[in-house]
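# Inside the fold
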Amino acid sequence: MSEEPIVRVRDLRKSYGDAQILKGVGFEMEEGDLVSIIGPSGCGKSTLLRCLNALEIMDSGTVSMAGVTLRRSEGERRVDPRFHDLAHELRQRVGMVFQQFNLFPNKTILENVVLAPLVVNGEPREVAESNGLRQLEKVGLGGFAKRYPAQLSGGQQQRAAIARALAMNPKVMLYDEPTSALDPMLVDEVLAVMKALDEEGMTQIVVTHEIRFAREASDYIIFMEGGEIVEISDEDEIFNNPKDERTRRFLHRFA
Amino acid sequence: MKSFLRIIPLVSLLFTPFAVSAEDAPKDVPRELRWAAAVDSNAPFAFYDARNKLTGFEYEIITAIARHMGRDPKFIQNSWDGLIPGLGRGLYDCVICGIEITAEKGQEVLFSDPYYITFEQLVVAKGTPAVTSLPELSGRKVGTLEQTAALRMLESVPNVQVKSYAEEINAYNDVANGRLYGVLLDYPIAKYYAAPNPELEFTGPPFGKITYGIAVSRSRPELVQQINAALSEMVASGELRDILSRWGLWTPTMADALHQQVEPSLPDTEYRAFAAQFEEHQGGILGRLRKYAAYWPVILQGCVLTLEISVLSMILAIAFGFLLALVRVYGPFPLKPLSILYIEVVRGTPLLVQLLILFYGLPHVGIKLTPFLAGMLGLGLNYAAYEAENYRAGLLAIPKGQMEAARALGMTHRQGLRHVVVPQAFRLVLPPVTNDFISLLKDSSLVSAVTLIDLTGAYTRIATQTFDYFGPGLLIAAIYLLIGLPFVRLTGWLEKSLSTDRRPPDQKPSFWLGLGA
């Protein structure tokens, strides 16, 4: 696996009816990379992320992540049951964080964090809880284990959601606009957690509107528009010298 | 409930009783005399008294007959309409239940010699001019019971407006209230339900002649002979006259028929005891309350049955409804439409019809359910359809993101349902489910249609024995309210305990807190 890139996406296509959302997208990542995907609303960046862990099922293409390869060929109408098995396998190795946090509101923060280790991995409760508490400490929520999500601020909730994903020891983390639902005041505490994870060597893919974060933290940036990757480049390059006119226009608004 | 089933003769034609199954009745060992009656018919035939003990002049007669035959009497409860069909199916040996010997019924069953001969008695409001013949009733409103000889008699009189009732007590009350001119019914009924009422009086001569006989299956003429022999012994020894005298039913008609003396051989103690209840309840509110209190065994029994059947059928409804909802929302092709079909059919048809089909219809395809099982299944399967829709609403109300988060964490769809979606949906549907339980508690009164004596059955029994639908009605309504309350409290408390995300930290809900909310 060390030779292989940890993420490899090839010719990923997805349509809803007649609307082509992804028109053949591909990229690769090395272990420990942090990649930001930016682009205007409706460009397909969220769909791309959701296809990566098969919450949406791609029409065709290849997704290899953390040693699992999902593949569908063009014209394949029914979804192979084998695909579902592999997707399930892949999701156990890839964590995901949602725009709306999607914490389980009826469970405490700690219960949120330990549920998957208990249910999916069958870990003993003590092991799951001590590990879960460690993850909560890591995102700065050590004292909030017994609270319910509704008793936390948005930033705290999103950090709890990150801890929940980390509890499954993922090889890759996916973030779907993790700070879009947050008050501007609370954005930084979430981004700080992601930066800390980057320093630990976590492989992360972030769909975001936080240009500043993308610029500071990313190893490289993917700019998407109209279901295609318009530009992939290292952060300074894309900001200082965007090759594509569309990238230039998009970034201009943040200048 | 006899009176209730009279309304639906169609069903009665199709039906079998299930108080016992035919198998546990060995035919060759005649140690027992299994006799059937509809004991929700009233005094003085065979009925449960205030202490919930079986009594009545027919009860005494059949007990004596069994003794003369050297057998143990064994009582089998059945509904009025099921009595004759039950004979054909061998559920019991004979029926004694005020059945009139007619040529028409003679086609279906064999009859013993008459054990009682009587007539129709006209009852009118006190002070009404005497009536000497039925044609004088022309243009009047006259009441009687459904499916009785009196009804046929009245219908043959031109111009009489006949009103048929399910319960004699209601008919007599309507005379007292001025809604009816008079009521024509068998003498024993008039004696027990009209004579004690000071607002009513007997009028006119005995109309017609009615002979009660014990019905036996056509295939058992030898049993008829044995019963007749026992009856003759009782006549000869004066035992029959003793029984009828004590019940106040020894009439000149009877004396004439048996060629015995007109005077009763014993004082009419049983009748007086019965009529005394009626006098007592004239004695103010306290007297009434004391009177209802005497019925506590019936009420308690009814309470227990109502609670048992409601709780059990609710458990069934919740479990099965949950399954239906899961299949309807997430199920694969053949199951999903089946679940929808079930829900639509069950919701779209009356519970009463479903109960009747379960109890009276299923035996035609070989499935015999006890009344309790039929009542519980009927209520449970019916409410399952409503619960299913509650759960479906609950499942659909959980945001999609919850299941996505579960799956993104590596859970299977099933694990996501079990650990994430369902627990949240459960809390969400608690209020409508509570609501349904209260509703089910009340709908459980329909099980009296399958011969169960629940709270409502107890009400009818008390009302017909105390001549009073008002007081016992309020009492029973209050009991329904009382037994429903703890469940409302319980679910209110459960709801609060589960709604953790809306509660400030570390505040435990109190069980009683819900009272004000």
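Residues numbered from 1 in each chain as written. Chains lettered and ligands numbered in written order. Predicted model: local features only at pLDDT ≥ 70, side-chain atom pairs only at ≥ 80, totals over all residues. Heavy atoms only, no water.

Secondary structure assignment for chain A yields nine helices and ten strands. The buried share of chain A, taken over its 255 residues, is 56%. Relative to all contacts within chain A whose residues are 6 or more apart in sequence, the contacts with residues 24 or more apart total 64%. A total of about 11,100 Å² of accessible surface is found on chain A, and carbon and sulfur atoms cover 44% of it. (Helix = DSSP H or I, 4+ residues; strand = E, 2+ residues; numbered from the N terminus. Buried < 20%, exposed > 50% of the residue type's maximum accessible area, 1.4 Å probe, protein only. Contact = heavy atoms within 4.5 Å. Areas by Shrake-Rupley, 256 points an atom, 1.4 Å probe, with all protein chains shown as cover.)

Next up on the list: the pattern of salt bridges. All names here are of chain A. Scanning the model with the defined rule gives 27 salt bridges over all chains in all. When the shortest N-O distance is used, the salt bridge between Arg 93 and Glu 89 registers 3.0 Å. Given a relative accessible area of 30%, Arg 93 falls into the partly exposed group. The exposure class assigned to Glu 89 is partly exposed, which follows from its relative accessible area of 36%. (Salt bridge = Lys/Arg side-chain N within 4 Å of Asp/Glu carboxyl O.)

Here we come to the confidence of the model for chain A. The pLDDT averaged across chain A works out to 91; a share of 97% of its residues lies at or above 70. Confidence, read as mean pLDDT per element, is least for helix H8 (residues 235-240) of chain A in chain A (70) and greatest for strand S7 (residues 172-176) of chain A (97). (pLDDT = per-residue confidence, 0-100.)

On to the packing of aromatic side chains. Describing an aromatic ring pair means giving the distance of the ring centres and the angle of the ring planes. Taken as a whole, this structure holds 20 aromatic pairs over all chains when the rule is applied. Between Phe 47 of chain B and Trp 247 of chain B, the aromatic rings sit 6.2 Å apart at their centres with planes inclined by 80°, giving edge-to-face as the arrangement. Residue Phe 47 of chain B is found in strand S2 (residues 47-48), and its partner Trp 247 of chain B is found in the loop between helix H10 (239-246) and helix H11 (252-258); the two are separated by 200 residues along the sequence. In terms of burial, Phe 47 of chain B and Trp 247 of chain B fall into one category: buried. Ring centres 5.9 Å apart and planes at 75° place the aromatic pair Tyr 459 of chain B and Tyr 469 of chain B in the edge-to-face group. Taken together, the positions of Tyr 459 of chain B in helix H20 (residues 455-466) and Tyr 469 of chain B in the loop between H20 and helix H21 (470-498) put the pair ten residues apart, joining distant regions of the chain. In this structure Tyr 469 of chain B comes out as partly exposed when scored by relative accessible area, which is 23%. Grouped by ring-pair contacts, the aromatic residues Phe 47, Tyr 192, Tyr 193, Trp 247, Tyr 271 and Phe 274 of chain B constitute a single cluster. Positioned over the ring face of Phe 104 of chain A is Arg 164 of chain A, at 4.5 Å from the centre of the ring. One cation-aromatic arrangement involves Arg 140 of chain B over Tyr 181 of chain B; the distance from NZ or CZ to the ring centre is 4.2 Å. (Phe/Tyr/Trp six-rings, centres within 6.5 Å; stacked < 30°, edge-to-face > 60°. Lys NZ or Arg CZ within 6 Å of the ring centre and 35° of its normal.)

Let us now look at the confidence of the model for chain B. Residues and elements named next belong to chain B. Summing up the model confidence of chain B, the mean pLDDT is 83 and the portion of residues at 70 or higher is 89%. Across residues 512-517, where pLDDT falls below 50, the model places five contacts with residues more than four positions away in sequence or in other chains. Across the predicted assembly, pTM comes out at 0.70 and ipTM at 0.93.

Looking now at unusual backbone geometry. Residue and element names in this part refer to chain A. Located in the positive-phi region is Ala 66, a residue other than glycine, with phi close to 50°. Positionally, Ala 66 belongs in the loop between strand S4 (60-65) and strand S5 (68-72). Classification of Ala 66 as buried rests on a relative accessible area of 3%. Phi is positive for Asn 102, which is not a glycine, with a value near 55°.

The subject of this paragraph is a nonpolar patch on the surface. Residues Leu 335, Leu 338, Leu 341 and Val 345 of chain B make up a contiguous nonpolar surface patch of roughly 380 Å² in combined accessible area. Following the sequence through the fold, Leu 335 of chain B ends up in helix H15 (residues 335-347). (Patch = residues over 30% accessible without salt bridge, like charges linked within 9 Å, V, L, I, M, F, W, Y side chains within 5 Å.)

This part takes up helix H7 (residues 168-176) of chain B. At 3.6 residues per turn, the α-helix brings residues three or four places apart onto the same side. Residues of H7 of chain B that are buried: Glu 168, Ile 169, Ala 171, Tyr 172, Asp 174 and Val 175 of chain B. Phi turns positive one or two residues past the end of H7 of chain B, at Gly 178 of chain B, with a value near 85°.

With that settled, the discussion passes to the sheet that holds strand S7 (residues 141-145) of chain B. All names here are of chain B. Taking strand neighbours across the sheet as the criterion, the eight strands line up as S4-S1-S5-S10-S6-S9-S7-S8 in an open arrangement whose pairing is mixed. Two strands in the sheet have a free side with no partner beyond their single neighbour: strand S4 (72-77) and strand S8 (161-165). Bridge analysis of strand S6 (residues 109-125) against strand S9 (residues 182-186) gives five bridges, and the strand direction is antiparallel. Counterpart to Gln 121 in the pairing with S9 is Leu 185. Strand contacts of helix H3 (residues 57-69): strand S1 (32-37), S4, strand S5 (94-95), S6 and strand S10 (200-217), with the helix running at about 165° to S1, the strand carrying the most contacts. Relative to S9, H7 is tilted by about 150°, and along the sheet it contacts S6, S7, S8, S9 and S10. (Pairing = 2+ DSSP bridges. Axes fitted to C-alpha atoms, helices over the stretch in contact; angles between N-to-C directions.)

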